[in-house]
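As a plain string of letters, each chain reads:
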Amino acid sequence: MSRVRTALVGCGKVGGIHARALANLSESEFVAVCDSDRGRAEAFAAKYGVAPFTDVAAMIEASRPQVILIGTPHPLHAAPAVVAARAGVHVLVEKPLAASLDDCDAMLAAAREGGVKLGVISQRRWYEPVRRMKQAVAEGKIGRPAIGVFTMYSWRDQAYYQSDPWRGRWDAEGGGVLMNQSPHMLDLLTWLMDDEVEEVCGFAANVNHPYVEVEDTAVAVLRFGRGGLGSIVSSLAQQPGIHAKIHLHGDSGASIGVETDRGATFIAGVTPIAEPPLNDLWTVPGEEDRLAAFQAEDRARFASLDAVTHYHQLQIHDFLDAVLTDRPPAVTGEAGRRVVALVQAIYQSSRERRLIKMTDV
């Protein structure tokens, strides 16, 4: 079997998930890690038997990776991605792609210049109930998706924000619940609706986290290009957390949905995924009675795997296979940019108290 030389940039909490995937995947030859904290890089390197570095360019020159994964804080995604892409190294980035559209565009331009693939982590696309929804849309089981609804009622406490110095700051995190906890679900919403957002009206606020700068709650309404409508309620202000869901309603009158998270959404490298993702709504004609079977199947599968690492590993496998077979990855850099553009549009709408056209973001 062909193997790809892989490396990791960013040895923090999510970096541990990436490192385990790179060490476990048969097509990955894990060769190096890089972190600005030398001690942390050396600890990761010792654990996985790879070489430690504190400089991305030096790592690329010495270890010759073909693919790097980036798990640094959001505003620090662009710099290593650009260095790697210009050196001909393929790049897979933890969500979001970047904290600004300028950074997204710099990364995309470097990937084109270097002739490499750029992808962004959105492992929830591999959840079985999510893929079931995508197949139902593709097969026309709900007609044209007419309404897409994303709701997340979650919680983060003060200890969470104090666990890393970059959390809760505009300059270091790039935003709050929209930029950090929502990108997976925003990606799923637009992917499942199978359409581009054209207009956004939104509001963001800090409801009950006075010790951070960023928003803990945001609401928005969307209009898609083919006339579909969407709504977003995303919040970290519910204690305890309740759930995260996406529901789609088609012009046929049929509806499908998924609860991706029960309670508060998991924190990478800190908390487990305690409950399985499940379809919680299914009114497709002739399939109304299948919901219980779907749930039983997915509960059984969840009990047999580590959900925190399993779905990341599936996506990283897809990216490495895309490199080996020279095809686009399932989640491209362009898809990642669309999520960041949507987040920025909601922020802009909230600041300016007006509807925002995506072409103006």
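Placed above this text is the structure.
A quick note: this is a predicted structure, and the numbers were derived from the prediction, not measured.

A word on the overall build of the chain. Within the chain, the regular secondary structure consists of 13 helices and 14 strands. Relative to the 2.2 N^0.38 estimate, which gives 21 Å for 361 residues, the radius of gyration of the chain is 20 Å and therefore close to what a compact globule would have. Across its three principal directions, the C-alpha atoms of the chain cover 60 × 45 × 40 Å. The buried share among the 361 residues of the chain stands at 59%. Considering only residue pairs separated by 6 or more positions, the chain has 70% of its internal contacts joining residues 24 or more positions apart. By element, 51% of the accessible surface of the chain is carried by carbon and sulfur atoms, the whole surface being about 14,400 Å². Placing the 36 positive and 44 negative side-chain charges of the chain at their respective mean positions leaves the two points 1 Å apart.

The subject of this paragraph is the sheet that holds strand β14 (residues 356-357). The strand order β13-β12-β11-β7-β10-β9-β8-β14 describes an open sheet built from eight strands, whose pairing is mixed. Of all strands in the sheet, those with a lone pairing partner are β13 (278-282) and β14, marking the two edges. Relative to strand β11 (residues 243-250), strand β7 (residues 145-153) runs antiparallel, the two being bridged by eight bridges. Within the sheet, the bridge partner assigned to Tyr-153 lies in β11 and is His-243. Its contacts with the sheet put helix α13 (residues 333-352) on β8 (197-205), β9 (217-224), β10 (229-235) and β14, and the angle it makes with β8 is roughly 60°.

To continue, consider the pairing of strand β1 (residues 4-9). Counting buried positions along β1 gives six out of six residues, so the element sits mostly inside the fold. Residues Val-4, Thr-6 and Leu-8 point to one face of β1 and Arg-5, Ala-7 and Val-9 to the other, with burial holding for every one of them. Inspection of the sheet shows β1 paired to strand β2 (residues 28-34) by six bridges, in the parallel sense. If you follow Val-4 over to β2, its bridge partner there is Ser-28. One ladder, built from four bridges, connects β1 with strand β4 (residues 67-70); its direction is parallel. Within the sheet, the bridge partner assigned to Val-9 lies in β4 and is Ile-70.

This part covers helix α4 (residues 78-86). Along an α-helix, residues three or four apart share an orientation, since each turn contains 3.6 residues. Taken residue by residue, α4 has Ala-78, Pro-80, Ala-81, Val-82, Ala-84 and Ala-85 as its buried positions. The secondary structure elements touched by the buried residues of α4 are β1, α3 (56-63), β4, β5 (90-93) and α5 (101-114). Looking one or two places after α4, you find Gly-88, whose phi comes out positive at around 85°.

The next subject is the pattern of salt bridges. Considering all chains together, one arrives at 30 salt bridges under this definition. Ionic pairing is found between Glu-199 and Lys-357, a salt bridge with its closest N-O pair at 2.8 Å. Highlighted residues: Glu-199 in strand β8 and Lys-357 in strand β14, separated in sequence by 158 residues. Glu-199 sits in the buried class, given a relative accessible area of 14%. Across the pair Arg-301 and Glu-297 runs a salt bridge whose closest N-O atoms are separated by 3.3 Å. Linking Arg-301 with Glu-297, this pair stays in helix α11 (residues 291-302), spanning four residues, or about one helical turn. Given the relative accessible area of 41%, Glu-297 is considered partly exposed. Taken together, the salt bridges that share partners define one network made up of Glu-128, Arg-132, Glu-297, Asp-298 and Arg-301.

Bringing the packing of helix α1 (residues 13-24) against helix α12 (residues 307-325) into the picture now. Their axes nearest at 9 Å, the elements α1 and α12 cross at an angle of 60°. Taken as axis vectors, α1 and α12 run oblique relative to one another. In this structure, α1 crosses over α12, and the sense of that crossing is right-handed. Of the residues in α12, those in contact with Ile-17, His-18, Arg-20, Ala-21, Leu-22 and Asn-24 of α1 are Val-308, Thr-309, His-312, Gln-313 and Ile-316. For the contact of α1 with α12, the class distribution of residues is five nonpolar, five polar and one charged.

Time to look at the packing of aromatic side chains. Enumeration over the complete set of coordinates arrives at seven aromatic pairs. Ring centres of Trp-170 and Tyr-347 lie 5.2 Å apart, and the angle between their planes is 75°; on these two criteria the pair is classed as edge-to-face. Residue Trp-170 is located in helix α8 (residues 170-173), and its partner Tyr-347 is located in helix α13; the two are separated by 177 residues in the primary sequence. Over the face of the ring belonging to Phe-294 we find Arg-132, whose NZ or CZ atom lies 4.3 Å from the ring centre. When the ring centre of Tyr-160 is taken as origin, the NZ or CZ atom of Arg-156, which lies over that ring, is 5.0 Å away.

Strands belonging to one sheet form pairs held by backbone hydrogen bonds; the direction of such a pair is parallel or antiparallel. Reading across the sheet, the six strands line up as β3-β2-β1-β4-β5-β6 and stay open at both edges, with parallel pairing between neighbours. At either margin of the open sheet sits one strand with a lone partner, and together these are β3 (51-53) and β6 (118-120). Adjacent strand axes in the sheet meet at a mean angle of 25° when their direction is disregarded. Across the sheet, helix α2 (residues 38-48) lies against β1, β2 and β3, angled at about 165° from β3, the strand it touches most.

Calculation criteria
Residues numbered from 1 in each chain as written. Predicted model: local features only at pLDDT ≥ 70, side-chain atom pairs only at ≥ 80, totals over all residues. Heavy atoms only, no water. Helix = DSSP H or I, 4+ residues; strand = E, 2+ residues; numbered from the N terminus. Rg over C-alpha atoms; globule rule 2.2 N^0.38 Å. Buried < 20%, exposed > 50% of the residue type's maximum accessible area, 1.4 Å probe, protein only. Contact = heavy atoms within 4.5 Å. Areas by Shrake-Rupley, 256 points an atom, 1.4 Å probe, with all protein chains shown as cover. Lys, Arg positive; Asp, Glu negative; His and termini not counted. Charge placed at Lys NZ, Arg CZ, Asp CG, Glu CD. Pairing = 2+ DSSP bridges. Axes fitted to C-alpha atoms, helices over the stretch in contact; angles between N-to-C directions. Salt bridge = Lys/Arg side-chain N within 4 Å of Asp/Glu carboxyl O. Parallel < 35°, antiparallel > 145°, perpendicular 65-115°, else oblique. Left-handed = near helix turned anticlockwise from the far one by under 90°. Nonpolar A, V, L, I, M, F, W, Y, C, P; charged D, E, K, R; others polar. Phe/Tyr/Trp six-rings, centres within 6.5 Å; stacked < 30°, edge-to-face > 60°. Lys NZ or Arg CZ within 6 Å of the ring centre and 35° of its normal.

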